[in-house]
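Per-entry structural report
Okay, here's what each chain looks like letter by letter:
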Amino acid sequence: MKTLSRNIQLLSCLVCLFLSISFSSTAQNSTEHWRPAVHFSPTRNWTNDPNGLIFFKGYYHLFFQHNPQGNDWGNMSWGHARTKDLLHWEELPLAIPHGEEYIFSGCVVWDKDHVSGLGDPKKELLVAIYTADYPNKKQEQHLAYSNDEGLTWKKYDHNPILDIQLLNFRDPNIIWHEASKQYVMSIAKPLERSVQFYGSKNLLKWDLLSEFSNQGELEMIWECPSLVELPIEGREKESKWVLFNSSQGVQKGFVGMQYFVGEFNGKTFTNENSSETKLFVDFGKDFYAAIPFYNTPAKAVLWLAWALSWQYAKEQPTYPWKGQMSSVRKLSLVDTQEGLRLKQLFQPDFTSMEPTFQAKDISISKPKMLNGFKMLQGKSYVIDMEVEETNADRWGLKWQSVDNPQEYTLVAFDEIKKQWFIDRSHSGKILSPGFFKVDSAPWVEGRSRHMRVWVDHSMLELLAQDGTVAISSLRFPVSAKENLSIFSDKGKLDLKQITIWEVK
Ligand code: FRU
């Protein structure tokens, strides 16, 4: 009798479970049509910042801020994915789960010489250093290590490794600084708008080197700093140090990223521009918290960002995931009339691949669809286009809904205002006030009218004028079918070439 009633109890529990699962999955429809095909997004649940980017044993690893239990920010832990070719991401089991502490942003380094003395000395060692957040109490820096290429992690027994008793002190990012033969950590004191630098020989004991503050964009808090040495194009063997951080972007009230160009001597970073100079990484609203990959082949500086904005992240209308990563981009500096500026190039390098479509010397005076090219739903494309000459007011690319012509997105150049722009004001869902405002970036003098756009479902990334202009913007069209055309307003547009790669 007892067993029978226990069985009935068990059965009714299972029925409840089944009902609740099927109810919750029908309660919200899956929105796979908005999921990027080749940019990373977690299969399920929330993500924000990329963490612990590292190239190791043939794989680019991406750890990411993740809520393993829900589609909103919370339970912060590190998710994990990896790729060999920067296009096909393989999601792996949760890497570092939260405990009493939330696992906030941080980095991973390869402890090649086992200087930390942690783990199995016979196996390769990866060391993660991240912020442990004790909600409303404090933020301190913790360490975890892995002997199995980042699959499983052991939290260090003697955490914290760095604690200055602050409620806000976060996002450590570490490089190996060859000249001073030490690891150097950049870390933010967000409310003070400052970045501190610490040095260490063994990854466990960290000494304060210096502090950089009160320069550039100061409106919003500073987060996710990183320090890298970038080559200067066309000047062989010359380089400069660049300090990045996430803060307010170009548009007031919206987050973004800024950078400072200068020198780092193993102790102090010196900004070579005036403290009022503001340099922005990307003029869109959806590029935040980017950090570079550690240990990349040929020392190329590659990075990626969280492609979303804190101002409307909660409103991203996707299910069962929320948040995605930008493309991987290769960084360098270039000379411009205004000084050294950041250049970003999509990775992998599409120009060495066989294009899906190419046309040369075409002339346009009214919107024109490309003969011989049809955008296929569910595919991702990189479009490269160079203008020979034009007398149009505006020209560029237009994605337009087949069912509803009122729904369209423009990625274009305004000759009157001399500005690049992405206009998503008629693209479909408007997520929050200000979301519809056009994202625009100034023309860089002395470079050609060249644009390269990567479209991947809800993601649009423009790298114009050889990568010296960047605008990244999300959009959520209501109707799925779209046509792509080239347009030219009030004038003629002569194109040198247009080349399209389908990104498989
Ligand atoms: C930046 C950030 C970081 C923090 C993390 C928490 O987007 O606020 O400063 O570590 O997100 O998820």
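Bear in mind that the values here come from a model prediction, so they are computed numbers and not experimental data. (Residues numbered from 1 in each chain as written. Predicted model: local features only at pLDDT ≥ 70, side-chain atom pairs only at ≥ 80, totals over all residues. Heavy atoms only, no water.)

Attention now goes to the overall build of the protein. In terms of regular secondary structure, the protein is built from one helix and 34 strands. Computed over its C-alpha atoms, the radius of gyration of the protein comes to 24 Å, within 12% of the 23 Å expected for a compact globule of 504 residues. Counting over 504 residues, the protein shows a buried share of 59%. Taking as baseline every contact in the protein between residues at least 6 positions apart, the subset at least 24 positions apart corresponds to 61%. (Helix = DSSP H or I, 4+ residues; strand = E, 2+ residues; numbered from the N terminus. Rg over C-alpha atoms; globule rule 2.2 N^0.38 Å. Buried < 20%, exposed > 50% of the residue type's maximum accessible area, 1.4 Å probe, protein only. Contact = heavy atoms within 4.5 Å.)

In this section: the confidence of the model for the protein. Scored by pLDDT, the protein comes out at a mean of 94, with 95% of its residues at no less than 70. Across residues 1-26, where pLDDT falls below 50, the model places two contacts with residues more than four positions away in sequence or in other chains. (pLDDT = per-residue confidence, 0-100.)

Taken in spatial order, the four strands of this open sheet run β10-β11-β12-β13, and their pairing is antiparallel. Two strands lie at the open edges of the sheet, namely β10 (170-177) and β13 (207-213), each paired on one side alone. Neighbour-to-neighbour, the strand axes of this sheet turn through a mean angle of 25°, independent of strand direction. Across six bridges, the pairing between strand β12 (residues 194-200) and β13 is antiparallel. Following the sheet pairing, Gly-199 is matched in β13 by Asp-207. (Pairing = 2+ DSSP bridges. Axes fitted to C-alpha atoms, helices over the stretch in contact; angles between N-to-C directions.)

Time to look at the nonpolar core. Core analysis: the largest hydrophobic core is formed by 37 residues, its most contacted members being Trp-399, Trp-420, Met-451 and Ile-498. One finds Ile-54, Phe-56, Leu-125 and Ile-174 within the second-largest nonpolar core, a separate group that totals 34 residues. (Core = buried A, V, L, I, M, F, W, Y, C linked by side-chain atoms within 4.5 Å.)

The full set of residues close to the ligand is Asn-48, Asp-49, Gln-65, Trp-73, Phe-104, Ser-105, Arg-170, Asp-171, Glu-223, Cys-224, Tyr-288 and Trp-310. Note that an oxygen atom of the ligand is positioned 2.7 Å from one of the side-chain N or O atoms of Arg-170. Between the ligand and the protein, one listed contact pairs an oxygen atom with a side-chain N or O atom of Glu-223 at 2.8 Å. Bound to the protein, the ligand loses 96% of the 320 Å² it would expose on its own. Contributing elements (two or more residues each) for the shell around the ligand: β1 (45-56), β5 (102-110), β10 and β14 (223-231). Partitioning the shell around the ligand into residue classes produces five nonpolar, three polar and four charged. (Near = heavy atom within 4 Å. Polar contact = N/O pair within 3.5 Å; in protein donor to acceptor, adjacent residues only side chain to side chain. Areas by Shrake-Rupley, 256 points an atom, 1.4 Å probe, with all protein chains shown as cover. Nonpolar A, V, L, I, M, F, W, Y, C, P; charged D, E, K, R; others polar.)

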